[in-house]
Amino acid sequence: MTPVDRDNEPLDTVLRRAMRAHPGPATPECADAETLAAYSDRSLAAAERERLETHFADCMRCQLVLAGIARADESARDARAASGIPWYRRWRIAIPALAAVAAILVFIAIRRPANEEPQSNEVVAMAKREAPAVEPAAPEPAAAPEMPEAASAPAPAALAPAPAPPASNEIAMNETKAQAAAAPRAQAMGAFSSQTLHRQATAPAMSALAGAPGAGAGAAIGGEVRVTIFPPDRSVMWIIGKNGMVQRRDADGTMRVQQSGVSTDLVAGASPSVSVCWIVGRSGTILRTTDGEHWEVIGAPTTENLTAVSASSAHDVAITTAGGRIFATSDGGATWHQQ
Amino acid sequence: MSEAPPEFVAQYAPALARLCKRAGGARWNLGDESLRDAAYRGARAAGVLDGASVDSFIDAIHAEDLSLAIACQAGGSAPWEHFITSFRPQLYAAARAIAGDEARGRELADSLWAEMYGMEVRDGRRRSILSYFHGRSSILTWMRAVLAQRHVDYIRAQSRIAPLDDHLEQPTGTSDDHDEESGERARYVAMLGKALDAALKALEPRDRMRMAYYYRHTLSLKEIGRVMNEHESTVSRRLARTRDYLKREIERTLHDGYRLSQDQIRLCYDWAAGDLQIDLSRALPDVK
Ligand SMILES: [Zn+2]
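In this text the structure is predicted, and so the values were computed from the model without any measurement. (Residues numbered from 1 in each chain as written. Chains lettered and ligands numbered in written order. Predicted model: local features only at pLDDT ≥ 70, side-chain atom pairs only at ≥ 80, totals over all residues. Heavy atoms only, no water.)

**Q** Is there a simple way to think about the confidence of the model for chain B in this case?
**A** Where the model shows low pLDDT, its predicted coordinates should not be examined in detail. All names here are of chain B. Per-residue pLDDT for chain B averages 85, and the proportion of residues at 70 or more is 86%. Per-element averaging of pLDDT across chain B places strand E1 (residues 120-122) at the bottom with 69 and helix H2 (residues 13-23) at the top with 96. Within the model, the stretch residues 163-175 combines pLDDT values under 50 with 18 contacts to residues more than four positions away or in other chains. Our summary of model confidence lists the complex with pTM equal to 0.58 and ipTM equal to 0.87. (pLDDT = per-residue confidence, 0-100. Helix = DSSP H or I, 4+ residues; strand = E, 2+ residues; numbered from the N terminus. Contact = heavy atoms within 4.5 Å.)

Below, the structure written as structure tokens:
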């Protein structure tokens, strides 16, 4: 049987639908992270392994964790096996790495003097913004979408106090090299990096999901899932969400509903300029505006749910499916190539 | 003060000595005591203290990873720098793979870094999530497991905020004729659901797991092989075998139990596969 076969017969559709389920809360029988990891590493004795498998066979939650470990492991193997890394992947690695190393340098910087002198409140606050709570039940309202980019994506040099540990400098150097490797394409994709840095800025504390600016924690729980999109100059903002919802906030603060022309749930967007914005959503939904006002549906290369999009212009865009596949186009969606 | 009781240290002295040797704690100026304490905590957490398998438990500990984790918790910059250089790229890659999304993956990974560093300070000491790592797995797999757990919690929270599939389960307004047909369809689908439920329950746990990874989690054969410790071709063969068994069992129940003809059985499948109004997962045993 191949993955193609499973889509072909009614029984396979029935099985897929019958097995659909939401994960429940952890039960006393659920294995902890280390036990699940030890199971994955085959470090458990046979008896414990068998006992756990009886639970795993019917526990959606434990299955999801094991599936996540397997995905991560396989993707790492694939990455090692890949001989060349395409530009967008280099970009995807380089930019987060810069921000990550900045955060870690903060950790080291504040950890080292922790036992000797009072910490800098400013640095701790910064590190905290780099470290959002995972549970959306308690988002940090202060870190909502309007957080300035500089707050969470500063240059490593600005964070590393002198004298910085030599190894930290080396790490920072390596990151700079990594970014330099991505530079040729990154220059051409200037808006790409801006968008990334912006997403970096809005990512913490589930801000992208916490609703419109000013929404409190309670609104996040009771409200809809919403995502905000800014162009590099942040002069306008789009808010997208369920059932094809698109709103635009103009430079003067006016909010307006825009007609997306679709009713699917929209989940991610990228705006390389004030007039150009791309949005993706469930069931292969791709939308684009080139005047900042009117949206057109772009033919997608897949009907899979889409989870992410990166765009540098009205023509150059890469989309990611829920299954992790990436498709790119450089002619505005007339033709797509799987990467 | 040492956490491991003297009798534990005495009883398992040879295994603990081997652990300390393997761990190479000197690199981080780590004393043997902290490793012995960690081994004791790990054995206690794993519930093996009362059994005869403590020696093999200690020998299976990923010693170098454990000593690195202990050294990082102690706050040294050298172990942290080693940790960052060795694991940061893998952590971010893992978070991306688990979340299936760049931005969400970064949030996950950033959050775990913060927890490992220990943002919470209690009694003047930072509380690091690394204290839950006892070396029962590699530290990389442990980080992946924690990321995956966090992601599951996120999915749960999201499904509470926005049950995206709810509209599929909404009943629609229908005419009387339609009602009659709907009732017929519902009966057929329910029969299929029951037959499927019974067949799934009768499977061996590993067979049920394999099916779940394939159909529920849409893992690739390779990924299933990774979870189940099976070769890809074995996964493929066993999936096909289980699927055939399910098909046979379902049709046997529908034919022998419900007296359905082949045409009616075909209708069962078609309706169950095509009818988005019915959530088949609700016809199945409660999935935790
Ligand atoms: Zn479980």
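**Q** What should I look at first to understand the pattern of salt bridges in this one?
**A** Where charged atoms from two side chains of opposite charge come close, those side chains can pair. As enumerated under the stated definition, the model contains 35 salt bridges over all chains in all. Between Arg248 of chain A and Asp250 of chain A there is a salt bridge; the shortest N-O distance is 2.7 Å. For the pair Arg248 of chain A and Asp250 of chain A, one class covers both residues: buried. The network of salt bridges with common partners includes Arg49 and Glu53 of chain A together with Arg206, Asp207, Arg210, Glu230 and Arg238 of chain B. (Salt bridge = Lys/Arg side-chain N within 4 Å of Asp/Glu carboxyl O. Buried < 20%, exposed > 50% of the residue type's maximum accessible area, 1.4 Å probe, protein only.)

**Q** Whenever I open this one, the confidence of the model for chain A confuses me. Can you help?
**A** Chain-level statistics for chain A give a pLDDT mean of 63 and a share of 54% at 70 or above. This stretch, residues 90-224 of chain A, has a pLDDT under 50; its non-local contacts, to residues over four places away or in other chains, come to 217 contacts.

**Q** Help me out: how do you make sense of the coordination of the zinc ion in this one?
**A** Geometry reference: four tetrahedral donors at a metal, ideal angle 109.5 degrees. Six octahedral donors, ideal angles 90 or 180 degrees. All names here are of chain A. Note on the zinc ion: its protein donors are Cys30 (SG), His55 (NE2), Cys59 (SG) and Cys62 (SG). The metal-donor distances range over 2.1 to 2.3 Å. Around the zinc ion sit four donor atoms, and with donor-metal-donor angles ranging over 103 to 115° the site reads as tetrahedral. If you list the donors of the zinc ion from N- to C-terminus, the spacing comes out as C-x24-H-x3-C-x2-C. Comparing His55 with Cys59, the two get one shared label, buried. (Donors = N, O, S within 2.8 Å, 3.2 Å for Na, K, Ca; no water. Tetrahedral: all angles 85-135°; square planar, octahedral: opposite > 155°, others 65-115°.)

**Q** Sorry if this is basic, but what is going on with the packing of aromatic side chains here?
**A** Both the distance between ring centres and the angle between the ring planes are used here to describe each pair of aromatic rings. This model, assessed by the stated rule, comprises 12 aromatic pairs over all chains. Ring geometry for Trp238 of chain A versus Trp295 of chain A: centroids 6.1 Å apart, planes at 80°, classification edge-to-face. Taken together, the positions of Trp238 of chain A in strand E2 (residues 237-240) and Trp295 of chain A in the loop between strand E7 (286-289) and strand E8 (296-297) put the pair 57 residues apart, joining distant regions of the chain. Note on Trp238 of chain A: relative accessible area 0%, which makes it buried. Plain terms: the ring middles of Tyr188 of chain B and Trp271 of chain B are 5.5 Å apart, the flat faces sit at 65° to each other, and that makes the pair edge-to-face. One end of the pair, Tyr188 of chain B, is in helix H9 (residues 176-201); the other, Trp271 of chain B, is in helix H13 (residues 262-274), with 83 residues separating them in the sequence. Each of the two residues, Tyr188 of chain B as well as Trp271 of chain B, counts as buried. Clustering of aromatic rings is evident, with ring pairs tying together Trp80, Phe83, Phe87, Trp113 and Tyr117 of chain B. We note Arg49 of chain A situated over the ring of Tyr39 of chain A; from NZ or CZ to the ring centre the distance is 4.4 Å. The lysine or arginine in question, Arg104 of chain B, covers the ring of Tyr154 of chain B, its NZ or CZ lying 3.7 Å from the ring centre. (Phe/Tyr/Trp six-rings, centres within 6.5 Å; stacked < 30°, edge-to-face > 60°. Lys NZ or Arg CZ within 6 Å of the ring centre and 35° of its normal.)

**Q** What is the right way to read the sheet that holds strand E9 (residues 306-311) of chain A from this model?
**A** Backbone hydrogen bonds are what pair the strands of a sheet, in a parallel or an antiparallel way. Residue and element names in this part refer to chain A. What the four strands build is an open sheet, ordered E9-E10-E11-E12; its pairing is antiparallel. Of all the strands in the sheet, the pair left with one neighbour each is E9 and strand E12 (337-338). Sheet topology note: the E9/strand E10 (residues 317-321) ladder contains five bridges and is antiparallel. Residue pairing across strands places Val309 opposite Ile319, the latter belonging to E10. (Pairing = 2+ DSSP bridges.)

**Q** Would you mind showing me how to read the sheet that holds strand E6 (residues 277-281) of chain A here?
**A** Residues and elements named next belong to chain A. The four strands are arranged E5-E6-E7-E8 in an open sheet whose pairing can be described as antiparallel. Edge positions in the sheet fall to strand E5 (266-270) and E8, since each has one partner strand and no second. Bridge count between E6 and E7: four bridges; the pairing is antiparallel. Residue pairing for E7: Cys277 is matched across the bridge by Thr289.

**Q** Please explain the nonpolar core as it appears in this structure.
**A** Note that soluble globular proteins tend to have their nonpolar side chains buried in a common cluster. Phe83, Met116 and Trp142 of chain B are the most contacted members of the largest nonpolar core, which has 114 residues in total. In terms of residues, this core owes the most to one element, helix H6 (residues 77-99) of chain B, which gives 11 residues. Apart from the residues within four sequence positions on either side, Phe83 of chain B is in contact with Leu68, Cys72, Arg88, Trp113, Met116, Ile139 and Met143 of chain B. One finds Val276, Val309, Ala311 and Val317 of chain A within the second-largest nonpolar core, a separate group that totals 15 residues. (Core = buried A, V, L, I, M, F, W, Y, C linked by side-chain atoms within 4.5 Å.)

**Q** Please clarify how unusual backbone geometry should be interpreted in this entry.
**A** We note that Ser283 of chain A has phi near 50°; this positive angle belongs to a residue other than glycine. Locating Ser283 of chain A in the fold gives a position in the loop between E6 and E7. Although it is not a glycine, Asn229 of chain B adopts a positive phi angle of roughly 60°. For Asn229 of chain B, the position within the fold is in the loop between helix H11 (221-228) and helix H12 (232-257).

**Q** Help me understand the packing of helix H4 (residues 60-81) of chain A against helix H10 (residues 205-216) of chain B, please; the structure alone is not making it clear to me.
**A** Packed helices, taken two at a time, are described by their axes: the angle between them and the distance between them. Interaxial distance between H4 of chain A and H10 of chain B falls to 11 Å at its minimum, and their mutual angle equals 70°. Taken together, the axes of H4 of chain A and H10 of chain B lie roughly perpendicular to each other. Crossing of H4 of chain A against H10 of chain B: the hand is right-handed. Where H4 of chain A approaches H10 of chain B, its residues Met60, Gln63, Leu66 and Ala67 of chain A are matched on the opposing element by Ala212, Tyr213 and Arg216 of chain B. In the contact of H4 of chain A with H10 of chain B, the residues fall into five nonpolar, one polar and one charged. (Axes fitted to C-alpha atoms, helices over the stretch in contact; angles between N-to-C directions. Parallel < 35°, antiparallel > 145°, perpendicular 65-115°, else oblique. Left-handed = near helix turned anticlockwise from the far one by under 90°. Nonpolar A, V, L, I, M, F, W, Y, C, P; charged D, E, K, R; others polar.)

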